[in-house]
Amino acid sequence: MKWDGISEFVYVAEYESFTRAAKELGVSIAQVSRQVSALEKKLNIKLLYRTTRKISLTEEGRVFYKHCRGLLDGLDAAEQAISSLQSTPQGKIKLTAPVTYGEQQLLPLINDFIVRYPDIEVTAFLSNQKVDLVEGGYDLAIRIGKLSDSTLMAKKLSHRTNFVCASPSYLDRYGAPQTLAELSNHNCLLGSLDYWHFKEGERERNIRVSGSVRYNSGYSLVDAALKGLGVVQLPDYYVQKYLESGELVSVLDDFREPEEGIWAVYPQNRHLSTKIQMLLQYLQQHLS
């Protein structure tokens, strides 16, 4: 009886919604409401502020939530310890990742993972916008570069390098830039930003550039560079094969910024299930 209402309270606290909590638990909204109300009555403490627009924790509710979350994590860990004895992972995984990286690098590996473990079901939402993991019900997100959200846990999977490059025909015609200042003399093929990232000595620098095209498509920027239209800065997974074939030539290598981390992030209060741990291990092994 001491467990009655704990799960319902924790889910309402995390989603700030009785409706979302009910959906995640697979029960009715009325049942969630009854259980939370009964819990408050049993404790003789108001745990939640309820309005027509918002649900929030009282001060007592915040203290109680921290302890309850730990209890549920412990129970989850115990269940996972048993399930890990099974020969194969199973169940649903929901994740989000940047569009191009997801298409080129991530999802092919996840397909391989599903071939190996056919009882796994994966839903992936590719977007270059950061999504709210809790609100969207995601198990994890793949993010690239510096992590600004300190409320998330992170596991490094791999890294990427940005290259500035151009075709041999363009460089024959206009010469290769030797300094960052010389970029102003070149047609720079732009993506979504007006500046490129570099490192000069110990300083990180953002250099404003300009050019005749702006595409929000890395593939189109690569095509423009291959056709001699200008200089481009793109991650390695766009240009590596063209650098190796000689169809593109890397320039300004002395100013190349350090490698950027590729991370799997997940909510701080989310205990990783066996299937998620195995997926992350698989991705870390194959991406690196």
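Under the annotation held in an unreviewed UniProt entry, the protein chain carries the name D-malate degradation protein R and is attributed to Psychrobacter phenylpyruvicus. In the Sequence similarities (unreviewed entry) part of its UniProt record, the protein chain is described as follows: "Belongs to the LysR transcriptional regulatory family."

Engineer: What's the story with the packing of helix H8 (residues 218-226) against helix H9 (residues 236-245) in this structure? I'm lost.
Structural biologist: When two helices pack together, their arrangement is given by the angle between the helix axes and by the axis-to-axis distance. Running from N to C, H8 and H9 cross one another at 25 degrees; their axes reach a closest spacing of 10 Å. Comparing the axis directions of H8 and H9 gives the class roughly parallel. You can see that H8 and H9 cross each other, and the crossing is right-handed. Contact residues: H8 offers Gly218, Tyr219, Val222 and Leu226, while H9 offers Tyr238, Val239 and Tyr242.

Engineer: Honestly, the sheet that holds strand E8 (residues 188-189) in this entry has me stumped. Any pointers?
Structural biologist: Neighbouring strands of a sheet are bound in pairs by backbone hydrogen bonds; such pairs are parallel or else antiparallel. Spatial strand order, E8-E11-E7-E12: four strands in an open sheet with mixed pairing. A single partner strand is all that each edge strand has here, and the edge strands are E8 and strand E12 (249-251). Inspection of the sheet shows strand E7 (residues 162-166) paired to strand E11 (residues 231-235) by four bridges, in the antiparallel sense. The residue bridging valine 164 from the neighbouring strand is glutamine 233, located in E11. H8 rests against E8 and E11 of the sheet, and its axis sits at about 140 degrees to E11.

Engineer: Where do I start with the environment of glycine 230 in this structure?
Structural biologist: The residue glycine 230 is located in the loop between H8 and E11 in this model. Under the relative-accessibility criterion, glycine 230 is labelled buried at 0%. Residues in contact with glycine 230, not counting those within four places in the same chain, are Cys165, Ala166, Tyr170, Asn187, Leu189, Ala224 and Ala225.

Engineer: Any chance you could explain the nonpolar core here in plain terms?
Structural biologist: Generally speaking, soluble globular proteins have nonpolar side chains that are buried together. In this structure, Ile142, Val239 and Leu283 are the most contacted members of the largest nonpolar core, which totals 39 residues. Looking at which element gives the most residues to this core, the answer is helix H10 (residues 274-287), with six residues. Two domains each put at least three residues into this core: domain 2 (91-159 + 261-286) and domain 3 (162-258). Discounting residues that sit within four places of it in the chain, valine 239 has contacts with Phe163, Cys165, Val222, Leu234 and Leu248. Phe9, Ala13, Ala21 and Leu57 belong to the second largest nonpolar core, which has 18 residues in total.

Engineer: Teacher, can you tell me more about the domain arrangement of the protein chain here?
Structural biologist: By a frequent convention, interface size equals the accessible area lost on bringing the separate parts together. On domain assignment, one finds that the protein chain holds domain 1 (6-84), domain 2 (91-159 + 261-286) and domain 3 (162-258). Of note, the centres of domain 1 and domain 2, computed from C-alpha atoms alone, are 26 Å apart.

Engineer: Would you explain the packing of aromatic side chains in this entry?
Structural biologist: Given two aromatic rings, their pairing is described by the distance between the two centres and the angle made by the two planes. Across all of its chains, the model carries eight aromatic pairs by this definition. Look at phenylalanine 9 and phenylalanine 64: their rings are 5.6 Å apart centre to centre, the planes differ by 40 degrees, and that puts the pair in the tilted class. Residue phenylalanine 9 is located in helix H1 (residues 6-15), and its partner phenylalanine 64 is located in helix H4 (residues 59-83); the two are separated by 55 residues in the primary sequence. For the ring pair tyrosine 101 and tyrosine 237, a centre distance of 5.3 Å and an interplane angle of 65 degrees mean the geometry is edge-to-face. Here the residue tyrosine 101 occupies a position in helix H5 (residues 99-116), and tyrosine 237 occupies one in helix H9, the gap between them amounting to 136 residues. A residue is classified by how much of its surface remains accessible, and tyrosine 101, at 3% relative accessible area, is buried. Classification of tyrosine 237 as buried rests on a relative accessible area of 16%. Members of the aromatic cluster, each reached through a chain of ring pairs, are Tyr101, Tyr219, Tyr237 and Tyr238. Between the NZ or CZ atom of lysine 94 and the centre of the ring of tyrosine 138, over which it lies, the distance is 4.7 Å. Taking the ring centre of tryptophan 263 as reference, the NZ or CZ of lysine 156 above it sits at 6.0 Å.

Reading the values: rules and limits
- Residues numbered from 1 in each chain as written.
- Predicted model: local features only at pLDDT ≥ 70, side-chain atom pairs only at ≥ 80, totals over all residues.
- Heavy atoms only, no water.
- UniProt positions renumbered as here; feature names shortened; annotations may be inferred.
- Axes fitted to C-alpha atoms, helices over the stretch in contact; angles between N-to-C directions.
- Helix = DSSP H or I, 4+ residues; strand = E, 2+ residues; numbered from the N terminus.
- Parallel < 35°, antiparallel > 145°, perpendicular 65-115°, else oblique.
- Left-handed = near helix turned anticlockwise from the far one by under 90°.
- Contact = heavy atoms within 4.5 Å.
- Pairing = 2+ DSSP bridges.
- Buried < 20%, exposed > 50% of the residue type's maximum accessible area, 1.4 Å probe, protein only.
- Core = buried A, V, L, I, M, F, W, Y, C linked by side-chain atoms within 4.5 Å.
- Domains from an automatic or database assignment.
- Phe/Tyr/Trp six-rings, centres within 6.5 Å; stacked < 30°, edge-to-face > 60°.
- Lys NZ or Arg CZ within 6 Å of the ring centre and 35° of its normal.

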